[in-house]
Amino acid sequence: MMRLLHKNNKAYSLVEMLIVLAIIGIAATISLISITVINSARAKEASVVFDSEVANIITKSKNMTPDNDPNKCYALVMYNENNKIKVCQAVYDKSTKSYTYDEDSLVTFSSRVSVSFDGSSFKAGTDPEELVADYSGGSAVKDKGDEAVFIRFDKKGRCVSGYGTFKFYKKNGNQIARVTIRQNGSHESK
């Protein structure tokens, strides 16, 4: 008789169901933690890459003048395009007040990373006298063009434009890292 009861029982027991639900819950928790760790790593990586690009531009500025023209200087441009933050090396021509972008140096950060900037930067095509004194990027750097952040250094490695604090965030709004560029050309990443 016991055999008949076991053979006809085609449902799962309550204990089996609880075990399956516990396994699903553990797997979901692990995947959420993994996604959070990955997004934090992407924001930290973006700050490290940006700091490296700043160091590269400072070195170029100290060692050479673009096209041996004293009216030109190296710059770094950070802008937002299609909800992705991009950093590109550029050459600024003081005589024409224009930037020439080096698209080969373009670095695109993950769309899961956002950047804010608090500091001073030029707008495109402006003189040094027209420095925007209070440039607060709020939630993100603006589109390429007038509202992009232009970071320029002089021949001595001093930051002429774009000095301030760049904060790197995960998409959920948590700040992960920051890079500070000072007027004297020093910079630090935290």
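Summarised in this report is the structure supplied together with it. (Residues numbered from 1 in each chain as written. Predicted model: local features only at pLDDT ≥ 70, side-chain atom pairs only at ≥ 80, totals over all residues. Heavy atoms only, no water.)

## Comments concerning the environment of Asn-71
Here is step 1 of the chain: Tracing the sequence through the fold places Asn-71 in the loop between helix H2 (14-63) and strand S1 (72-81).
Here is step 2 of the chain: A relative accessible area of 35% means that Asn-71 is categorised as partly exposed.
Here is step 3 of the chain: When the C-alpha positions of Asn-71 and Thr-96 are compared, they lie 9.1 Å apart, and in sequence the two are 25 residues distant.
Here is step 4 of the chain: If sequence neighbours within four positions are ignored, Asn-71 has contacts with Tyr-92, Asp-93, Lys-94 and Ser-95. (Helix = DSSP H or I, 4+ residues; strand = E, 2+ residues; numbered from the N terminus. Buried < 20%, exposed > 50% of the residue type's maximum accessible area, 1.4 Å probe, protein only. Contact = heavy atoms within 4.5 Å.)

## Overview of a nonpolar patch on the surface
Here is step 1 of the chain: Together, Leu-14, Leu-18, Val-20, Leu-21 and Ile-24 make up a nonpolar patch on the protein surface, roughly 520 Å² of accessible area in all.
Here is step 2 of the chain: Within the secondary structure, Leu-14 sits in helix H2.
Here is step 3 of the chain: Looking at Leu-14, the relative accessible area reads 65%, which means it is exposed. (Patch = residues over 30% accessible without salt bridge, like charges linked within 9 Å, V, L, I, M, F, W, Y side chains within 5 Å. Areas by Shrake-Rupley, 256 points an atom, 1.4 Å probe, with all protein chains shown as cover. Salt bridge = Lys/Arg side-chain N within 4 Å of Asp/Glu carboxyl O.)

## Brief notes about the side chain of Asn-39
Here is step 1 of the chain: Considering the arrangement of structural elements, one finds Asn-39 in helix H2.
Here is step 2 of the chain: If we skip the residues at most four places from it in the chain, Asn-39 touches Arg-112 and Lys-170.

## What to know about the pairing of strand S3 (residues 98-108)
A regular strand places its side chains on the two faces of the sheet in alternate fashion.
Here is step 1 of the chain: Note that strand S2 (residues 84-93) and S3 share seven bridges and pair antiparallel. Within S3, the residue paired with Gln-89 across the bridge is Asp-102.
Here is step 2 of the chain: Here S2 hands over to S3 after four residues, with Lys-97 in that stretch at a positive phi of 55 degrees. (Pairing = 2+ DSSP bridges.)

## A few points about the pattern of salt bridges
Pairing is possible between side chains that carry opposite charge, provided their charged atoms lie close to one another.
Here is step 1 of the chain: In this structure the tally under the stated criterion is two salt bridges.
Here is step 2 of the chain: Taking the shortest distance from any N to any O, the salt bridge between Asp-154 and Arg-158 comes out at 2.9 Å.
Here is step 3 of the chain: Among the residues examined, Arg-158 registers a relative accessible area of 40% and is labelled partly exposed.
Here is step 4 of the chain: Note that Arg-182 is salt-bridged to Glu-188, the shortest N-O span being 2.6 Å.
Here is step 5 of the chain: With relative accessibility at 33%, the residue Arg-182 sits in the partly exposed group.

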